[in-house]
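# Residue-level structure breakdown
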Amino acid sequence: MQKVRGFASTIGGRLAIAFGAVILVVIVSTTVIFQSKQAAKEAFDDYERAAVGELHAVEVDTAISVARALAAEYLVTQDASLVDAFGDQRDTATALLADLEESFSDRPDFLEVLAATSEATTTYKDLFLDEVAPLVEAGDVDGATARLGDLNAAQEVVSVDAQLLVDNLTGYAADRKSSLDSSLDAASTASLVGGIVSALIAISAAWAVRRSIARPVARLNVAADQLAVGDNDVDLVVTDRDDELSRLERAFAEMSESNAKTAELAERIAQGDLTTEVTIRSERDQLGNALTAMIAKLRSLVGKITSAADEVVERANVLSEVSAESKTTTEQLATSVNSIAEGA
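No experiment lies behind these values; they were computed from the predicted model shown. (Residues numbered from 1 in each chain as written. Predicted model: local features only at pLDDT ≥ 70, side-chain atom pairs only at ≥ 80, totals over all residues. Heavy atoms only, no water.)

## Structural notes on the overall build of the protein chain
- Within the protein chain one finds 7 helices and 0 strands.
- What you see in the protein chain, going N to C, is helices and strands ordered as α-α-α-α-α-α-α.
- By the burial criterion, 28% of the 344 residues in the protein chain qualify as buried.
- When contacts within the protein chain are restricted to residue pairs at least 6 apart in sequence, those whose partners lie at least 24 apart make up 69%. (Helix = DSSP H or I, 4+ residues; strand = E, 2+ residues; numbered from the N terminus. Buried < 20%, exposed > 50% of the residue type's maximum accessible area, 1.4 Å probe, protein only. Contact = heavy atoms within 4.5 Å.)

## As for the packing of aromatic side chains
- Throughout the structure, instances matching the rule amount to 3 aromatic pairs.
- Their ring planes at 80° and their centres at 5.8 Å tell us that tyrosine 74 and phenylalanine 128 sit as a pair that is edge-to-face. Of this pair, tyrosine 74 sits in helix 2 (residues 11-77) while phenylalanine 128 sits in helix 4 (residues 108-137); the two residues are 54 residues apart in sequence, bridging distant segments of the chain.
- Its relative accessible area of 1% is what places tyrosine 74 among the buried residues.
- A centroid spacing of 4.3 Å and a plane angle of 40° characterise the contact between phenylalanine 86 and phenylalanine 128, whose relative ring orientation is tilted. Here phenylalanine 86, found in helix 3 (residues 80-103), pairs with phenylalanine 128, found in helix 4; they are 42 residues apart in sequence, far enough to count as distant. (Phe/Tyr/Trp six-rings, centres within 6.5 Å; stacked < 30°, edge-to-face > 60°.)

## Observations concerning the packing of helix 3 against helix 4
- Across the interface, helix 3 lies against helix 4 with an axial gap of 10 Å and an inter-helix angle of 165°. As judged from the angle between their axes, helix 3 and helix 4 are roughly antiparallel. The chirality of how helix 3 crosses helix 4 is left-handed. In this structure, helix 3 uses Val83, Phe86, Arg90, Leu97, Leu100 and Glu101 to contact helix 4, whose residues at the interface are Leu111, Leu114, Thr117, Ser118, Thr121, Tyr124, Lys125, Phe128, Leu129 and Ala133.
- Classifying every residue of the contact of helix 3 with helix 4 gives 10 nonpolar, 3 polar and 3 charged. (Axes fitted to C-alpha atoms, helices over the stretch in contact; angles between N-to-C directions. Parallel < 35°, antiparallel > 145°, perpendicular 65-115°, else oblique. Left-handed = near helix turned anticlockwise from the far one by under 90°. Nonpolar A, V, L, I, M, F, W, Y, C, P; charged D, E, K, R; others polar.)

## Observations regarding helix 3
- Between its first and last C-alpha atoms helix 3 spans 35 Å; for 24 residues at 1.5 Å apiece the expected length is 34 Å, and the two agree.
- Within helix 3, burial applies to Leu82, Val83, Phe86, Gly87, Ala93, Leu96, Leu97 and Leu100. (Expected span 1.5 Å × (residues − 1).)

## Here we look at the pattern of salt bridges
- Applying the stated criterion to the full structure yields 3 salt bridges.
- The closest approach of N and O atoms between glutamate 156 and arginine 68, which form a salt bridge, is 3.7 Å. Of the two residues, glutamate 156 is situated in helix 5 (residues 141-228) and arginine 68 in helix 2; the sequence distance between them amounts to 88 residues.
- Judged by relative accessible area, glutamate 156 falls into the partly exposed class, the value being 44%.
- Taking the relative accessible area as the measure of exposure, arginine 68 reaches 28% and is therefore partly exposed.
- Its salt-bridge partner being arginine 90, residue aspartate 91 comes within 2.6 Å of it at the nearest N-O pair.
- The class for arginine 90 is partly exposed, based on a relative accessible area of 24%. (Salt bridge = Lys/Arg side-chain N within 4 Å of Asp/Glu carboxyl O.)

All we've got here are geometric facts, nothing functional implied.
If you want it as structure tokens, here you go:
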């Protein structure tokens, strides 16, 4: 845990955290967008099925209407080709109903309507092809006329069921269209929100990282310029953080303090104070070692000068004594010469 906290306090750690946050938001946004698009695709597939089903239902209704018209015309013209055309329309309707049953096998409500329509179509087909048409072909107009009531009733049932099928599939298609629009709107909204949130987090992270880097770097730049011209009065904010810039600021502050102490030490040496002791910061402290060597040499030189001065004073004293003795001797010699002169 301590290592994790230490890493999080570094610039690299902050960048990693910011980058990770952006990646996380992008992943979440991408997931939401993917799910929204998946829902939209499912809605589109369902809508496509509904639209095709609606089209088939209309085609079934059309085929039944055409079959009714062919049956009515056959009863008037007794044209045998109309019976074959009626059969073709019936086959078309039956095939379309089979396709609808396969497409909507998961919808019991539709299957119920399809079954009723298929049953009504079959009843109508059997009544016309198996009963009314043979009577007309046999010339039994009375028998055929007697069956017209049943045929018309069957036609009405088929028409009602076909229209009910069309209405159900039209409503279902409209509902699926609405669901598709909602899914597309949700996908667009998710994409927009995800992009905005990602951008905001990226901007916030960049601003936070820039703030944590730019300000210390600006202070360090000013401090470096001051130190470059020999100005040790630098203004640095020293914190307890353990990131790279904080450690660099502490190092600059220590360097500034060390330079100031060295300048003070040099000034004291310049004023003749050789009692100052230099603090060696490390074995590689070249300036500290040089100052220590200089003080030692100055102390040695001053000692030698003091010894030489003492010797000069001592010799001067000896010369003074010799001079005094010479004076005394001279005075005595002069006295003796005067005495000799007076005696002669």
